[in-house]
Amino acid sequence: AVRAPFDGVIQTPSKQRAQSVLAGETLMEVESVRDKRVELARLRARQQSLSGRRSALQDQVAELRALAAEFRVRRDKQRDITARFVSQKRTQALASRIAAETDLALRTLRRDRAMALKERNVVSRVQVEDLDFQLAKARAQLKREQATIDTLAIEAEAVEVLGLAGPTPAEA
């Protein structure tokens, strides 16, 4: 009779009855049940650890999704504020352009009148040159106002099409 040296499970079958055996030949292999219990306990602990990590990662994913949603709301608000700001600045620029056009028309009229009076020697050449200078300044101001309007139109298009945010009212 061969007795098991420890509690376990036979892994390889033993020889059948009436089969011959040689000295030193393996009759069977016995695997310790305790080793399996330890391995099972280790695997269960690993499973719990991974489950905890998975749960933590799911929580982080949920937090990141919430942050992403919050950032989308903020981006949309920023875009709306920027669009309103650009629209207001454009309205102001249009009003400034009208004022510049009116100023240019008035200065053109004054210069034309001065030229007519210069022909009769009522106004000096210096006065006409001063009016020419004022007229050139008015033309430059009108071009500046138009450039501002053009720039604001481009920025408004960028906000609308691309969702870009330009300077906030505080930055402008």
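Just above sits the structure.
Residues numbered from 1 in each chain as written. Predicted model: local features only at pLDDT ≥ 70, side-chain atom pairs only at ≥ 80, totals over all residues. Heavy atoms only, no water.

(A) Up close: the overall build of the protein chain. Counting secondary structure elements, the protein chain contains 2 helices and 2 strands. Going from the N terminus to the C terminus, the protein chain shows its helices and strands as β-β-α-α. Against the 2.2 N^0.38 benchmark of 16 Å for 172 residues, the protein chain shows a C-alpha radius of gyration of 46 Å, more extended than a compact globule. For the protein chain, the spread of C-alpha atoms along the three principal axes comes to 150 × 30 × 20 Å. Looking at the 172 residues of the protein chain, the share that counts as buried comes to 12%. (Helix = DSSP H or I, 4+ residues; strand = E, 2+ residues; numbered from the N terminus. Rg over C-alpha atoms; globule rule 2.2 N^0.38 Å. Buried < 20%, exposed > 50% of the residue type's maximum accessible area, 1.4 Å probe, protein only.)

(B) Spatial organisation of the environment of Ala105. By the secondary structure assignment, Ala105 is in helix H1 (residues 33-119). Given the relative accessible area of 47%, Ala105 is considered partly exposed. Along the chain, Ala105 and Leu135 lie 30 residues apart, while their C-alpha atoms are 8.9 Å from each other.

(C) Geometry of helix H2 (residues 125-162). Between its first and last C-alpha, H2 extends 55 Å over 38 residues, near the 56 Å set by a 1.5 Å rise per residue. For H2, the elements touching its buried residues are H1. (Expected span 1.5 Å × (residues − 1). Contact = heavy atoms within 4.5 Å.)

(D) Region of interest: the pattern of salt bridges. Enumeration over the complete set of coordinates arrives at 9 salt bridges. Arg74 serves as the salt-bridge partner of Glu70, at 2.7 Å between the closest nitrogen and oxygen. Taken together, the residues Glu70 and Arg74, both in helix H1 and 4 residues apart, mark about one turn of the helix. For Glu70, a relative accessible area of 36% gives the class partly exposed. Two residues, Asp103 and Arg107, come together in a salt bridge whose shortest N-O distance is 3.1 Å. Separated by 4 residues within a single helix, Asp103 and Arg107 lie in helix H1, roughly one turn from each other. Among the ionic contacts, a cluster of salt bridges with common partners joins Arg75, Asp76 and Arg79. (Salt bridge = Lys/Arg side-chain N within 4 Å of Asp/Glu carboxyl O.)

(E) Focus on the packing of H1 against H2. The interhelical angle for the contact between H1 and H2, taken along N-to-C directions, is 160°, at an axis separation of 8 Å. On the basis of their axis angle, the class for H1 and H2 is roughly antiparallel. Considering only the axes of H1 and H2, their crossing is left-handed. Looking at the contact of H1 with H2 residue by residue, the classes come out as 18 nonpolar, 7 polar and 15 charged. (Axes fitted to C-alpha atoms, helices over the stretch in contact; angles between N-to-C directions. Parallel < 35°, antiparallel > 145°, perpendicular 65-115°, else oblique. Left-handed = near helix turned anticlockwise from the far one by under 90°. Nonpolar A, V, L, I, M, F, W, Y, C, P; charged D, E, K, R; others polar.)

(F) Representation of a nonpolar patch on the surface within the structure. Taken together, the side chains of Val2, Ile10, Val21, Leu27 and Met28 make up a nonpolar region of the molecular surface, amounting to roughly 450 Å² of accessible area. By the secondary structure assignment, Ile10 is in strand E1 (residues 8-12). (Patch = residues over 30% accessible without salt bridge, like charges linked within 9 Å, V, L, I, M, F, W, Y side chains within 5 Å. Areas by Shrake-Rupley, 256 points an atom, 1.4 Å probe, with all protein chains shown as cover.)

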